[in-house]
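# What the coordinates show
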Amino acid sequence: MATKILLDKINVPGIRSYEVYRQQGGYSSVEKALKTMTPDEITEEVKASGLRGRGGAGFPVGLKWSFIDKKSGKPRHLVCNADESEPGTFKDRYLMEYIPHLLIEGMITSSYALGANLSYIYIRGEYMWVFKTLERAIKEAYAAGWLGKNILGTDYSLDLHVHCGAGAYICGEETALIESLEGKRGNPRIKPPFPAVSGLWGNPTVVNNVESIANVPWIVNNSGADYAKLGVGRSTGTKLISASGHIKKPGVYEIELGISVDEFINSDEYCGGMMDSRPLKALVPGGSSVPVLPAHLIYKTANGEDRMMTYESLAEGGFESGSMMGSGGFIVYNDTACIVRNTWNFARFYAHESCGQCSPCREGTGWLEKVLHRIETGQGTMEDIDLLWDIQKNIEGNTICPLGDAAAWPVAAAIRHFRDEFEYHVLYPEKVKNRDHFMNEPFESIKHLITN
Amino acid sequence: MKVTIDGHEIEVEPGTTILQAARMIGGESVPPAMCYYSKLEDTGGKCRACLVEVSKGSEADPRPMPKLMASCKTGVMDGMEVKSISSDRVLEARKAVTEFLLINHPLDCPVCDQAGECDLQNLSFQHGISQKRFKEDKRTFEPENIGDNIQLHMNRCILCYRCVKVAEQLTDDRVHGVCGRGDHAQISTYISNAIDNEFSGNMIDVCPVGALTDKTFRFKSRVWFNKPYNAHRNCTKCSGKVTLWMFGEEIQRVTARKDEFHEVEEFICNQCRFDHKEPTDWVIEGPRKFEKFSVINQNNYTRKLDKVVIKTEEHILEGREQDRIKISMKNIPYTEHESKE
Ligand SMILES: Cc1cc2nc3c(=O)[nH]c(=O)nc-3n(C[C@H](O)[C@H](O)[C@H](O)COP(=O)(O)O)c2cc1C
Ligand code: SF4
Ligand code: SF4
Ligand code: SF4
Ligand code: FES
């Protein structure tokens, strides 16, 4: 069995409650940190661990912490991003639902490292039951003296609140999250200034993903160097992967970074192979925002190397032939899936979730959705495919926040790798009008219709 | 600090944005701004019409910036080099932004009171493409009555947020804002509420398009048939300095005075704007000149205008001889060959 950092206690009965969590050694990182370490020493350990942000961008956590403005003398805040709304990603929910105290422990230790005395967990509105779980856990932690004034008799005090969003993907973008937390409309801010300088109420703020923070107790209990021994190269440690789609065993898995994609999909320890033993057609390795990979680029990269579950290997080949680790939303498609339909589905999501602040994303996401819908329902033309390409190109890079890019990339990748499937939709409108068009007649079996 | 925009060099104070520096230089290099408003705080960054290429970051860090930057939100650095109109990437992006702003725009210029002083018209004129690639139905909104003075045409709104900032920064109570998300986001009072705050009329002036127009001027005239005059009155609420839009002896509309970038010089109160429509209410200073490229300038009588003489054939009303014969279908039979001529 591979090393587990986050989920190794997940099957202990009652781990959700404070008593069991504590019996299992929970909150020891808080004791160690507050009693034996300075905040900067913790930051150094986290830096040494090489832990990268698990929310999508993969920015080194320790480095981000070291940017927080400590000179201004303003209060500092740690905000945990639990807005998890990326289609295909559900790992943070699993963690918070089944082992809520791990996050709270991480929040205390991390807040101490940052010198924050007021911290927040921002959770998406749809996770109402998890919100309640966290509220209960926080209450327990207060009662046991892990939160509040003078924790463990030291002069460190921390208040922690969990705040419930109202159901907006965009509030997962860190500056929109901060706006929302301040009680405003969740529009992303224009950067600079970055939150590390001016975040929540204008105070220096660090925003980190649930999983990022949940790794901190282990790093403090062991060491940054130990953490860095797991994984390969700049992809250290373990990663939660939300596996879904046409696989035998969908679910949340903790993997050691560096196993191969092949192993992850096909071994019994993880996804258990393809459902109904149908062939693999495509893979979205990191949530709906990352480029889709066609079958021949999944197990091997374009230059024939094994594709690994690491930040680097998944991105190998750039946009031409690679993808991204993203948030670890691993969606597997077999030959009955329709790429056009899937792309349209994602586009509909982005059109619905765009905050509408900047024109390319506001108008472009809606336009992409409409054109994709047209093609998918057999009303498209060949020019529409080029039009899609133009629209995504005009959005990408020209927007305030990365949601615009996230809407553009999947469309670009789908056209780049599956153009023939788009053409099929244009040439055989009657066939695609049946919603399940590739169910009985997978594209592979009718490809010859458009190759000549 | 020294910054170079399209080859023009200028010294500016630290904290100046690229857009402000470009405005100091003036001319073709000034990026179009559909959302930034220098008289309001915290505007800009949204429309993306003002994107420019930073080909050199600064003297200290000369690397170019990989993405196009919103010039209204990007501060200049010493030694920065910027390409505005001289960059193909920038022109491409402006074209794209213009197209995005237009796909859902009703283009009812012929019945729009903003026509002639509309920033979107100007933008389309300079950066638009003539073909239309958007085949779908345009998005529409239910009409909403936001009060007696201001007409909201949500279909024309480009969500620049300027009117929200006016309400936030100039009036005591903001009763409207942006509701909803994405291309279904809209300006609204949410619970039908009248916007009747003393300075609310300024929303009309800052609105770059015809989404917010003056109800007291509605369908009265095309703006280019009006003659603008600077005028003032003693007002206890504001400076009382306005522009009167006259048709003969009649004051058809009162607005704040706008500069060459279509921004007001000073905000005015609703009384000056809506309630004083008699010439005797005002001390008229003289005709107002508009610098900004606009159709209103076509009517600019502060310049000397030569009488236009249209040269025509002498018998133009009668038509050409050969046509007259054809129309009356006398002697000459219709032939295929001729119809192609
Ligand atoms: C549109 C959008 C949605 C996002 N949603 C989330 C989210 O749900 N959860 C999350 O942790 N990060 C999300 N992010 C990334 C955050 O902006 C931010 O980078 C992250 O929370 C930083 O944490 P990390 O460094 O620990 O990964 C989103 C970003 C964008 C642009
Ligand atoms: S890119 Fe989209 S989501 Fe992000 S600020 Fe612009 S409109 Fe909003
Ligand atoms: S807002 Fe401008 S572009 Fe739109 S209809 Fe009115 S005049 Fe025309
Ligand atoms: S109504 Fe006018 S000023 Fe207000 S957001 Fe829309 S376009 Fe901008
Ligand atoms: S004017 Fe700069 S983005 Fe609108």
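Residues numbered from 1 in each chain as written. Chains lettered and ligands numbered in written order. Predicted model: local features only at pLDDT ≥ 70, side-chain atom pairs only at ≥ 80, totals over all residues. Heavy atoms only, no water.

Across its full length, chain A holds 21 helices and 11 strands. Radius of gyration (C-alpha) of chain A: 23 Å, near the 22 Å computed for a compact globule of 452 residues. Along the first, second and third principal axes, the C-alpha set of chain A runs to 75 × 45 × 40 Å. Within chain A, the fraction of its 452 residues that count as buried is 61%. As displayed, chain A offers around 16400 Å² of accessible surface, 53% of which is attributable to carbon and sulfur atoms. The average position of the 46 basic charges and that of the 55 acidic charges among the side chains of chain A differ by 4 Å. (Helix = DSSP H or I, 4+ residues; strand = E, 2+ residues; numbered from the N terminus. Rg over C-alpha atoms; globule rule 2.2 N^0.38 Å. Buried < 20%, exposed > 50% of the residue type's maximum accessible area, 1.4 Å probe, protein only. Areas by Shrake-Rupley, 256 points an atom, 1.4 Å probe, with all protein chains shown as cover. Lys, Arg positive; Asp, Glu negative; His and termini not counted. Charge placed at Lys NZ, Arg CZ, Asp CG, Glu CD.)

All names here are of chain A. Taken together, the five strands give an open sheet; going across it, the order is 8-7-11-9-10, and neighbouring strands pair in mixed fashion. Strands with a single pairing partner mark the edges of an open sheet, and in this sheet they are strand 8 (251-256) and strand 10 (293-294). Relative to strand 11 (residues 329-334), strand 7 (residues 238-245) runs parallel, the two sharing four bridges. Directly across from Ala243, in strand 11, lies its bridge partner Phe330. (Pairing = 2+ DSSP bridges.)

Once that is clear, we can look at the domain arrangement of chain A. Residues and elements named next belong to chain A. Along its sequence, chain A is organised into domain 1 (18-229), domain 2 (236-334) and domain 3 (339-451). Computed from C-alpha atoms alone, the centre-to-centre distance between domain 1 and domain 3 is 37 Å. Across the boundary between the two partners, domain 1 contributes 13 residues, which contact 10 residues of domain 3. Both faces considered, domain 1 and domain 3 share a buried interface measuring about 910 Å² in area, 69% of it formed by carbon and sulfur atoms. Our count for the contact surface shared by domain 1 and domain 3 stands at zero salt bridges. At the junction of domain 1 and domain 3, the tally comes to three residue pairs in polar contact (both at pLDDT 80 or more). Its residues assigned to classes, the side of domain 1 that touches domain 3 shows six nonpolar, three polar and four charged. (Domains from an automatic or database assignment. Contact = heavy atoms within 4.5 Å. Buried area = accessible area lost by both parts, 1.4 Å probe. Salt bridge = Lys/Arg side-chain N within 4 Å of Asp/Glu carboxyl O. Polar contact = N/O pair within 3.5 Å; in protein donor to acceptor, adjacent residues only side chain to side chain. Nonpolar A, V, L, I, M, F, W, Y, C, P; charged D, E, K, R; others polar.)

Glancing now at the UniProt feature "domain: 4Fe-4S His(Cys)3-ligated-type" (unreviewed entry) in chain B. On the UniProt side, "domain: 4Fe-4S His(Cys)3-ligated-type" (unreviewed entry) is annotated at positions that read residues 89-128 of chain B here. A helix fraction of 60% and a strand fraction of 0% characterise residues 89-128 of chain B, whose end C-alpha atoms lie 15 Å from each other. (UniProt positions renumbered as here; feature names shortened; annotations may be inferred.)

The tally for this structure, following the rule as stated, stands at 24 aromatic pairs over all chains. For the pair A:Phe264 and A:Phe330, a centre-to-centre distance of 4.9 Å together with 85 degrees between the ring planes defines the contact as edge-to-face. Of the two residues, A:Phe264 sits in helix 12 (residues 261-266) while A:Phe330 sits in strand 11, which places them 66 residues apart along the sequence. Accessibility assignment for this pair places A:Phe264 and A:Phe330 in one class, buried. Taking the centre distance of 6.2 Å and the plane angle of 85 degrees together, the rings of A:Trp367 and B:Phe100 count as edge-to-face. In this pair, A:Trp367 is assigned in helix 16 (residues 359-376) and B:Phe100 in helix 2 (residues 88-103), connecting two distinct chains. Like B:Phe100, A:Trp367 is buried. (Phe/Tyr/Trp six-rings, centres within 6.5 Å; stacked < 30°, edge-to-face > 60°.)

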